[in-house]
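Observations on the three-dimensional arrangement
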Amino acid sequence: AMGVSHGHLTHAFTRETGASPQQYLAMRRVGEAKRLLVLSGLQVRDIAAGVGYKSAARFHAQFKQLTGMTPSRYRAFKRGVEDHYTLPDEGGDGG
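Residues numbered from 1 in each chain as written. Predicted model: local features only at pLDDT ≥ 70, side-chain atom pairs only at ≥ 80, totals over all residues. Heavy atoms only, no water.

A few words now on the pattern of salt bridges. Under the criterion given, the structure shown has one salt bridge. One salt bridge in this structure joins Glu-32 and Arg-35, with 2.8 Å as the shortest N-O distance. Placement of both Glu-32 and Arg-35 in helix H2 (residues 21–39) is noted, with a separation of three residues, approximately one turn of the helix. (Salt bridge = Lys/Arg side-chain N within 4 Å of Asp/Glu carboxyl O. Helix = DSSP H or I, 4+ residues; strand = E, 2+ residues; numbered from the N terminus.)

Given below as C-alpha cells:
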C-alpha cells in the first residue's frame, strides 16, 4: 500500500474522472461492447464475457442503464435497421 486510504483514492479518482471507479469501469466496458456490437458478428453473450461480465444478464442491465437501449437494439440501430423509425424529411425550415 502507498499509505493512502481507499476512501481518499476513490475520492481522488472520482474528482479526476467525474465517475467512481465502478462507474468508470462500467463505462469503459460498455464502450468497448458498443464497438464490438457494431463491428463484429459476435453473439451478445460473447461480447459480454469478452468485456469482463461474468453474467450476461448483468451486462444487459448495465448496458441498458448506460445507453438507454438493449445491446441487440443498439446493434440494430447502429447498423441502420432504425431507418423505419426515423421520420422522412418533409422539407420545411428545420424548426
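So, next bit.
This part is about the packing of aromatic side chains. Here a ring pair, both rings aromatic, is described through the centre-centre distance and the interplanar angle of the planes. A complete count under the given rule lists four aromatic pairs for this structure. A centroid spacing of 5.3 Å and a plane angle of 85° characterise the contact between Phe-13 and Tyr-24, whose relative ring orientation is edge-to-face. With Phe-13 in helix H1 (residues 6–17) and Tyr-24 in helix H2, this pair connects stretches of sequence that are 11 residues apart. Accessibility expressed as a relative area gives 28% for Phe-13, which makes it partly exposed. Owing to a relative accessible area of 30%, Tyr-24 belongs among the partly exposed residues under this scheme. Here Phe-59 and Phe-63 contribute two aromatic rings whose centre-to-centre distance is 5.6 Å and whose plane-to-plane angle is 55°, an arrangement assigned as tilted. Of this pair, Phe-59 and Phe-63 are both found in helix H4 (residues 56–67), four residues apart, which corresponds to roughly one turn of the helix. Clustering of aromatic rings is evident, with ring pairs tying together Tyr-53, Phe-59, Phe-63 and Tyr-74. One cation-aromatic arrangement involves Arg-29 over Tyr-53; the distance from NZ or CZ to the ring centre is 5.2 Å. (Phe/Tyr/Trp six-rings, centres within 6.5 Å; stacked < 30°, edge-to-face > 60°. Buried < 20%, exposed > 50% of the residue type's maximum accessible area, 1.4 Å probe, protein only. Lys NZ or Arg CZ within 6 Å of the ring centre and 35° of its normal.)

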